[in-house]
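# Overview (structure and organization)
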Amino acid sequence: MADNHGPAFSTRPAITASKLLGYHYAVFGFAPYGPYWLEMRKITAVELLSHYRLDMFKHIWISEELDALVGGWLEEHKQKRLLGGEGNEEQDFIDVMLNILEDVWIFTFDADTINKATSLASTFAFQTRKAITVTVASGSSKRAHILNILPYLMPCYMFVALKWEKVLRNTIPDQVRHGFNISGKCKDLAQIFIKKLAVNLQHNLLAQEELDIFVGKDRNVQEAGIKNLRYLQAVVKETLRMYAPSPILLRAAKDDCTLSNGYHVAAGTSLMLNIWKIQCDERVWSDPNEFQPERFLTSHKDTDVWGLNFEMIPFGSRRRSCPGVSLALQMLNLTMASLLHSFEG
Ligand code: HEM
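Bear in mind that the values here come from a model prediction, so they are computed numbers and not experimental data. (Residues numbered from 1 in each chain as written. Predicted model: local features only at pLDDT ≥ 70, side-chain atom pairs only at ≥ 80, totals over all residues. Heavy atoms only, no water.)

## Digging into the pattern of salt bridges
Where side chains of opposite charge bring their charged atoms close, a pairing between them can arise. To be explicit about the condition: For salt bridges, the criterion is a side-chain nitrogen of Lys or Arg within 4 Å of an Asp or Glu carboxyl oxygen. A run of DSSP states H or I qualifies as a helix once it reaches four residues; a run of E qualifies as a strand once it reaches two. Both are numbered from the N-terminal end. Relative accessibility thresholds used throughout: buried, under 20% of the residue-type maximum; exposed, over 50%; partly exposed, between the two (1.4 Å probe, protein chains only).
Taken as a whole, this structure holds six salt bridges when the rule is applied. E39 serves as the salt-bridge partner of K42, at 3.5 Å between the closest nitrogen and oxygen. Of the two residues, K42 and E39 are both situated in helix α2 (residues 35-48); the distance of three residues between them amounts to about one turn of the helix. Judged by relative accessible area, which is 14%, E39 ranks as buried.

## What about the domain arrangement of the protein?
The cut-off we apply is this: In this entry, domain limits derive from an automatic or database-based domain assignment. Buried area, as used here, totals the accessible surface that two parts lose on assembly, with accessibility defined by a 1.4 Å probe and the loss added over both. Pairs of N or O atoms are called polar contacts if they sit within 3.5 Å, as long as, within protein, a hydrogen donor faces a hydrogen acceptor (for residues adjacent in sequence, only side-chain-to-side-chain pairs).
What the domain assignment lists for the protein is domain 1 (23-126) and domain 2 (188-344). Buried surface at the junction of domain 1 and domain 2, both sides included, amounts to about 1,400 Å², of which 66% is carbon and sulfur. For the pair domain 1 and domain 2, the number of links is six residue pairs in polar contact (both at pLDDT 80 or more). Breaking the side of domain 1 that touches domain 2 down by element, the ones donating at least two residues are α2, α3 (51-56) and α4 (58-62).

## A look at the packing of aromatic side chains
The following threshold applies: Stacked, tilted and edge-to-face pairs are distinguished by plane angle, under 30 degrees for stacked and over 60 for edge-to-face with tilted covering the rest, among Phe, Tyr and Trp rings (Trp via its six-membered ring) whose centres lie within 6.5 Å.
If you walk through the whole model with that rule in mind, you get two aromatic pairs. Relative to W37, the ring of Y33 lies with its centre 5.3 Å away and its plane at 40°, an arrangement referred to as tilted. On the accessibility criterion, Y33 (26% relative accessible area) is partly exposed. Look at W37 and you get buried, because its relative accessible area is 3%. Measuring from centroid to centroid gives 5.8 Å for W285 and F296, while their planes differ by 50°, and the two rings are tilted. Within this pair, whereas W285 is found in the loop between α13 (275-278) and α14 (325-341), its partner F296 is found in the loop between α13 and α14, the two being separated by 11 residues in sequence. Take W285: its relative accessible area is 0%, and that puts it in the buried class. You can call F296 buried: its relative accessible area is 4%.

The structure is reproduced here in structure tokens:
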């Protein structure tokens, strides 16, 4: 279906939570297919998440800079709460935002929570923007900065007839939210990864051996060296296969279409793709419930996660696939390699 009817299913279902929490679909991951989504997708791919930009911003995601920014901000709010006064309301806001981040399936929220989250989300946007402005003012001006992309966002104004302010407010916090999300996803995946290696001595030894050969005990793992760590990459892929962080994809039919089996699907029909089931299909994967990284060096050595092999789509596929896949893979591989490297085998 993803192959033959990809374009027909390139929009998202119009659910209430996307409308309320996504500023009337201005958060482009929730936006319907159309000129606004196309423009935002282009800006994100070229200006924010391209290899060129990832290289420019490497100092941010490799260092602790972003963590420090967000951590400092949360700490400040905690302190305010301890001192009483306005802190309580702000703490409410943080609690709700963290719930949203942890619970991606926001359509399970009841009406009250959605109302509360909607008003608090705008505070979040305001605070994030303030934090970014303060960071710029406080002086990393010589470095490439995320705000460099803002001129490219200006044309979006024309598409949504929103105030420029609103586009800015929705876009940057959205990427920051994804930043939080990836840390969460990385943390969950890292836990699974370590647990799997802890119970399986043989996997652990193979991964450690590879690190010893290509990195050595006395050096830190560098991003450039990851490409040599083929076993480690296979372990990361196997983790993504068995524990896809987004196990269900949400799409909707953009136009009427007829599937190859003759079913007619009306425009607007929601489609939920069960990625977990696809990635554990025993017709494709032998012993699908067994953690076997070796399969990505043997029977599935040509299967990657970029959305072209439909038996393995942890980042989705085609038009609405994850634009952060490159960043996510770099972070996952580097985090896992560094974690493993810090432990004795
Ligand atoms: C382990 C990490 C990650 C996983 C497993 C993941 C997975 C996914 C999946 C399954 C989708 C839906 C794809 C589809 O419908 O076909 C998606 C969409 C998206 N992801 Fe990710 N993602 C990750 C990290 C990131 C990062 C780091 C960013 C950006 C900084 C990001 C930004 C987005 C955006 C903006 C969309 C919506 C795209 C659209 O609707 O056009 N993701 N992601």
